[in-house]
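Tertiary structure, described
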Amino acid sequence: MASRSSRRTGEESETGTIIEEKLVKPSGDVSVKRYSKGRYLGKGGFARVYEITNLETRKVCAAKIVAKSSLTRSRAKQKLMS
């Protein structure tokens, strides 16, 4: 099972922001996927949803973006982990 972490460059509210997803495999190999954040699609009680485009394949999909500030609440952390 690979672990994931993402690092956002630029402002969250700005469209066209580059999002990097770092995948670390159990063997220690690291791969980085880069996405361009597009238009805002909606939000729920926990995250905002944006259209994103994989910069390598040009495949368009949706991504939930969780604000780090929301993870200070223990319930929010539990919700993310489940």
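Everything here concerns the structure above.
The rules behind each value
Residues numbered from 1 in each chain as written. Predicted model: local features only at pLDDT ≥ 70, side-chain atom pairs only at ≥ 80, totals over all residues. Heavy atoms only, no water. Salt bridge = Lys/Arg side-chain N within 4 Å of Asp/Glu carboxyl O. Helix = DSSP H or I, 4+ residues; strand = E, 2+ residues; numbered from the N terminus. Buried < 20%, exposed > 50% of the residue type's maximum accessible area, 1.4 Å probe, protein only. Pairing = 2+ DSSP bridges. Phe/Tyr/Trp six-rings, centres within 6.5 Å; stacked < 30°, edge-to-face > 60°. Lys NZ or Arg CZ within 6 Å of the ring centre and 35° of its normal.

Considering the pattern of salt bridges
Going through the model one piece at a time under the given rule, you end up with two salt bridges. Residue Glu51 pairs with Arg39 through a salt bridge whose shortest N-O separation is 3.7 Å. A residue pair is termed long-range when its members are at least 10 positions apart, and Glu51 in strand β4 (residues 48–54) and Arg39 in strand β3 (residues 30–43) qualify at 12 residues. Classification of Glu51 as partly exposed rests on a relative accessible area of 24%. Taking the relative accessible area as the measure of exposure, Arg39 reaches 52% and is therefore exposed.

Some points on the pairing of β4
Pairing between β3 and β4: six bridges, direction antiparallel. What sits directly across from Lys43, in β4, is Arg48. In this structure, the hairpin formed by β3 and β4 is closed by a connection of four residues. Strand direction decides the pairing type here: β4 and strand β5 (residues 60–65), joined by six bridges, are antiparallel. Note that in β5 the partner of Tyr50 across the bridge is Ala63. Joining the antiparallel neighbours β4 and β5 is a turn of five residues, in which Arg58 adopts a positive phi near 65°.

A short note on the packing of aromatic side chains
What the rule picks out here adds up to one aromatic pair. A ring pair is formed by Tyr40 and Tyr50, whose centres lie 5.5 Å apart and whose planes are at 65°; its orientation type is edge-to-face. On the criterion of sequence distance, the pair formed by Tyr40 in strand β3 and Tyr50 in strand β4 is long-range, its members being 10 residues apart. Judged by its relative accessible area of 41%, Tyr40 is partly exposed. Owing to a relative accessible area of 4%, Tyr50 belongs among the buried residues under this scheme. Between the NZ or CZ atom of Lys37 and the centre of the ring of Tyr50, over which it lies, the distance is 4.3 Å.

Description of unusual backbone geometry
Its identity is not glycine, yet Arg58 carries a phi of approximately 65°, on the positive side. Inspection of the secondary structure assignment puts Arg58 in the loop between β4 and β5.

Side note on the environment of Leu55
If you trace the backbone, Leu55 turns up in the loop between β4 and β5. Residues Leu55 and Arg34 lie 21 residues apart in sequence; the distance between their C-alpha atoms is 5.7 Å.

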